[in-house]
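# Structural features, examined
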Amino acid sequence: MCLIIFKPANVEVPDELWPSALKANDDGCGILWSDGNKLHAEKDTDTREVFRLIEDHTDKDVIIHLRFATHGDVILPNTHPFLITDELGFVHNGMLRTVKQTHPQYSDTWHMNEILKCYLSGNPELVFTPTFDEFLASYAGTDGGNKFAFMNAQGQVKLTLEDQWLEWQGVKLSNTYAYDAHRLGIKEKSYGFQWYDQDEDLVTLNDLADLTLDDLECLCYEDPHYVAALIHDYFNVIEWVS
């Protein structure tokens, strides 16, 4: 499901975020940054390389992505960021269930990039308009389950659904589930991830903490094993072994 960190210029990512964020999202890392004229996209399948990638960019706006693979192989082509054009790139947090995946080795975001190339290659500045917001929502929704961060060659940044991001110690985080928010004193939010029981009643994370894997299989959700893994890894509230 991943984590996006937007680090403004002259702000450092708090050290206490890294241990749990790297542990929970260990399938690759990448950054987007601009020198004012050119867009730079750097990535590595080793998440620990994030420190090398960001070390020289304290004075710049940087979009950082840590990957937790839910679709596609753990390979460099699936590692964020993705370039739509040489002058526009993005990272993504969430799962794009409406995007048809024709190549199983590639991720949902890889497939989404192919769609964005067709839509934006002739006019990349369209990404900063309400027209693009409507187009993106047709694939990603607006409930907060999917967030994107875009950057162009001039360093202009767009965080989709920005009012649903968490601002914490000078940085902006795309969610509260992809690291140990509780230990950092951050109030956890659902960000649009909602599960319903057979009576279509909303099940909260507190309710999920009391459920077994068999209970989860009764929920109206297409991947209960993933839900169980998510809770076990990120919230440490149930015992479950795949």
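Read on for an overview of the structure. Being a predicted model, the structure only gives us computed values, none of them experimental. (Residues numbered from 1 in each chain as written. Predicted model: local features only at pLDDT ≥ 70, side-chain atom pairs only at ≥ 80, totals over all residues. Heavy atoms only, no water.)

### Some remarks on the overall build of the protein
Summing up its helical and strand segments, the protein has seven helices and twelve strands in all. For the protein, the residues scored as buried account for 50% of the 242 residues in total. Expressed as a percentage of contacts within the protein between residues at least 6 apart in sequence, the contacts between residues at least 24 apart total 63%. (Helix = DSSP H or I, 4+ residues; strand = E, 2+ residues; numbered from the N terminus. Buried < 20%, exposed > 50% of the residue type's maximum accessible area, 1.4 Å probe, protein only. Contact = heavy atoms within 4.5 Å.)

### Focus on the nonpolar core
Looking at soluble globular proteins, one finds that nonpolar side chains tend to be buried together. One finds Ile5, Leu17, Leu173 and Tyr179 to be the most contacted residues of the largest nonpolar core, which totals 26 residues. Every element with two or more residues in this core is listed here: strand E1 (3-7), helix H1 (18-24), strand E2 (29-34), helix H2 (50-54), strand E4 (62-66), strand E9 (166-168) and strand E10 (171-173). Other than its neighbours up to four places away in sequence, Leu173 contacts Leu3, Ile4, Ile5, Leu17, Trp165, Leu166, Trp168 and Tyr179. Core analysis: the next-biggest nonpolar cluster, separate from the first, contains 18 residues, Trp110, Met112, Leu120 and Val127 among them. (Core = buried A, V, L, I, M, F, W, Y, C linked by side-chain atoms within 4.5 Å.)

### Things to note about helix H4 (residues 130-140)
Among the residues making up H4, those that are buried are Phe132, Phe135, Leu136 and Ala140. Buried positions in H4, seen along its axis, are confined to an arc of 120° and lie on one side of it. In this structure, H4 carries Pro130, Glu134 and Ser138 as exposed residues pointing more than 90 degrees from its buried face. Contact partners of the buried residues in H4: helix H3 (108-120), strand E7 (147-152) and strand E8 (157-159). Immediately downstream of H4, the backbone of Gly141 shows phi near 75°, a positive value. (Arc of directions from axis to C-beta.)

### Structural notes on the pairing of E2
Along E2, six of the six residues are buried, which leaves the element largely enclosed by surrounding structure. Neither face of E2 is exposed, since Cys29, Ile31 and Trp33 on one face and Gly30, Leu32 and Ser34 on the opposite face are all buried. Inspection of the sheet shows E2 paired to strand E3 (residues 39-44) by six bridges, in the antiparallel sense. Bridge pairing in E3 places Gly30 opposite Lys43. In this antiparallel pair of consecutive strands, E2 and E3, the connection spans four residues, and Gly36 shows a positive phi of 100°. (Pairing = 2+ DSSP bridges.)

### Some words on the sheet that holds E4
On the basis of which strands lie adjacent, the open sheet formed by six strands has the order E3-E2-E4-E1-E10-E9 and antiparallel pairing. Single-partner strands in this sheet number two, and they are E3 and E9. Averaged over neighbouring strand pairs, the angle between their axes works out to 20° when direction is ignored. As paired elements, E1 and E10 share two bridges and run antiparallel to each other. Residue pairing across strands places Phe6 opposite Lys172, the latter belonging to E10. (Axes fitted to C-alpha atoms, helices over the stretch in contact; angles between N-to-C directions.)

### Observations concerning the pairing of E7
Across the six residues of E7, six count as buried, placing the element largely inside the fold. Neither face of E7 is exposed, since Lys147, Ala149 and Met151 on one face and Phe148, Phe150 and Asn152 on the opposite face are all buried. Pairing analysis gives six bridges linking strand E6 (residues 88-93) to E7, with the strands arranged antiparallel. For His92, the partnering residue across the bridge sits in E7 and is Phe148. Inspection of the sheet shows E7 paired to E8 by three bridges, in the antiparallel sense. Counterpart to Met151 in the pairing with E8 is Val157. In this antiparallel pair of consecutive strands, E7 and E8, the connection spans four residues, and Gly155 shows a positive phi of 90°.

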